[in-house]
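Coordinate inspection notes
Chain by chain, the residues run as shown.
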Amino acid sequence: GMFAFGYGDPLAVVLNRSNGGKTKMIGSINTRWPSGLCFVQERHSITKPEDLKGLKVGGGQNSPMQVIVPAWLERNGVDRADVKILQLDPAIVVTSLIEGQIDAGECWLGNSMALFQKRAKDAGVTLSWLPYADFNLDIYGNGLITTEKMIAEKPDVVRNFLAATYKGYDYAIAHPDEATEIMVKYFPVLDRAITKQQLLETADLIKGETPMGWLNQNKINETLTFLKSAYDIRQDIVAADVYTTEFLPGSKP
């Protein structure tokens, strides 16, 4: 009850509901899982999960990668024991990669990817990446969430919030330079080039569903199937518990 709406992924919603919570996803933003493993091309050629065998992979100690990557590896026929996954302070993942202390580091479109690329360029090396979504991981990333209480008590607020949010995203996608300037104006510490790249990457991620924000039941089911295989989640949770599209622009009240 500290706030009415949140930005989170289906994993957060599923874990919340598995522990007795009452949250729901009400709209998509990252229509595919936006992370993967960045690596330095001059050191490695990683084109498929199997190429990770024998390598050291690093990610934040609280990142979902610590659970998702082992399950993803096994989905792709790779024994999780063949890849050493390290828990790092998120602040040192990119430095550890560039300096060669790890072979691959988790990076995110719309977030840390731009920073990884800048650090690689400054160090005179070439960055590439292996997206999880390209290899048997067809699940949603972050989107908009709220509570069943909010849905029941203030449905018009939920509907209007989504309409305004997606109107804003639509405008930002059409006017990326102006949107970047607005961000930098209100948050002067931001790097202009990195902010614009993050905006453009998010624009690409959000375009995966029509209309904007839509949540596809088959993809929600696939998301649930994967998460249940990776986490200790109540097996009776179904797609209808996790999401609703009734408040998205274009849906009937």
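Residues numbered from 1 in each chain as written. Predicted model: local features only at pLDDT ≥ 70, side-chain atom pairs only at ≥ 80, totals over all residues. Heavy atoms only, no water.

With that settled, consider the sheet that holds strand β7 (residues 127–131). Strand order across the open sheet formed by five strands is β5-β4-β6-β3-β7, with mixed pairing between neighbours. The two strands at the open ends of the sheet, each matched to only one other strand, are β5 (84–88) and β7. Each strand of the sheet is rotated relative to its neighbour by a mean of 35°, with strand direction disregarded. In this structure, strand β3 (residues 35–40) lies alongside β7, joined through five bridges in antiparallel fashion. Following the sheet pairing, Val-40 is matched in β7 by Leu-127. Against the sheet, helix α2 (residues 65–75) contacts β4 (56–60), β5, β6 (104–108) and β7, and its axis sits at roughly 170° relative to β5. (Pairing = 2+ DSSP bridges. Helix = DSSP H or I, 4+ residues; strand = E, 2+ residues; numbered from the N terminus. Axes fitted to C-alpha atoms, helices over the stretch in contact; angles between N-to-C directions. Contact = heavy atoms within 4.5 Å.)

Quick look at the sheet that holds strand β1 (residues 6–8) now. What the three strands build is an open sheet, ordered β1-β8-β2; its pairing is antiparallel. Edge positions in the open sheet fall to β1 and β2 (23–28), since each of these has one partner strand only. Each strand axis lies, on average, 45° off the axis of its neighbour in the sheet, ignoring direction. The sheet contact formed by β2 and strand β8 (residues 143–147) spans five bridges and is antiparallel. When the bridges of β8 are listed, Gly-27 appears paired with Leu-144.

In this section: the state of the cysteines. One pass over the structure, following the stated rule, counts one disulfide. With a sulfur-sulfur separation of 1.9 Å, Cys-38 is cross-linked through a disulfide to Cys-107. Here Cys-38 and Cys-107 share a disulfide; its torsion about the S-S bond, 90°, makes the bridge right-handed. With a gap of 69 residues between them, Cys-38 in strand β3 and Cys-107 in strand β6 connect regions that are remote in the sequence. (Disulfide = S-S within 2.5 Å.)

With the rule as written, the count across this model stands at 13 salt bridges. Lys-53 is paired through a salt bridge with Glu-50; the nearest N and O atoms lie 4.0 Å apart. Between Glu-222 and Arg-75 there is a salt bridge, with the nearest N and O atoms lying 2.8 Å from each other. Here the residue Glu-222 occupies a position in helix α9 (residues 217–230), and Arg-75 occupies one in helix α2, the gap between them amounting to 147 residues. A residue is classified by how much of its surface remains accessible, and Glu-222, at 26% relative accessible area, is partly exposed. We classify Arg-75 as partly exposed; its relative accessible area is 32%. (Salt bridge = Lys/Arg side-chain N within 4 Å of Asp/Glu carboxyl O. Buried < 20%, exposed > 50% of the residue type's maximum accessible area, 1.4 Å probe, protein only.)

Our focus in this paragraph is the environment of Thr-146. Examined against the element boundaries, Thr-146 turns out to sit in strand β8. Placed 77 residues apart in sequence, Thr-146 and Thr-223 show a C-alpha to C-alpha distance of 19 Å. Filtering out sequence-adjacent residues up to four positions away, Thr-146 remains in contact with Ala-4, Phe-5, Lys-22, Thr-23, Lys-24, Ile-26 and Ile-151. There is a polar contact of 2.7 Å between the side chain of Thr-146 and the backbone oxygen of Ala-4. (Polar contact = N/O pair within 3.5 Å; in protein donor to acceptor, adjacent residues only side chain to side chain.)

On the surface, a nonpolar cluster with roughly 620 Å² of combined accessible area is contributed by Ile-182, Met-183, Tyr-186, Phe-187, Val-189 and Leu-190. Note that Leu-190 resides in the loop between α7 (176–186) and α8 (192–206). (Patch = residues over 30% accessible without salt bridge, like charges linked within 9 Å, V, L, I, M, F, W, Y side chains within 5 Å. Areas by Shrake-Rupley, 256 points an atom, 1.4 Å probe, with all protein chains shown as cover.)

Here we come to the packing of aromatic side chains. Per the stated rule, a full pass over the model turns up four aromatic pairs. Of note, Lys-219 hangs over the ring of Tyr-140, and the distance from its end group to the ring centre comes to 5.0 Å. (Phe/Tyr/Trp six-rings, centres within 6.5 Å; stacked < 30°, edge-to-face > 60°. Lys NZ or Arg CZ within 6 Å of the ring centre and 35° of its normal.)

Bringing the environment of Asp-103 into the picture now. On the secondary structure map, Asp-103 appears in the loop between α3 (93–98) and β6. Accessibility expressed as a relative area gives 16% for Asp-103, which makes it buried. Sequence spacing of Asp-103 and Gly-58 is 45 residues, and the spatial spacing of their C-alpha atoms is 8.0 Å. Here the side chain of Asp-103 touches His-44 through a polar contact of 2.9 Å, side chain to side chain. In this structure the side chain of Asp-103 is engaged in a polar contact, spanning 2.7 Å, whose partner is the backbone nitrogen of Lys-56.

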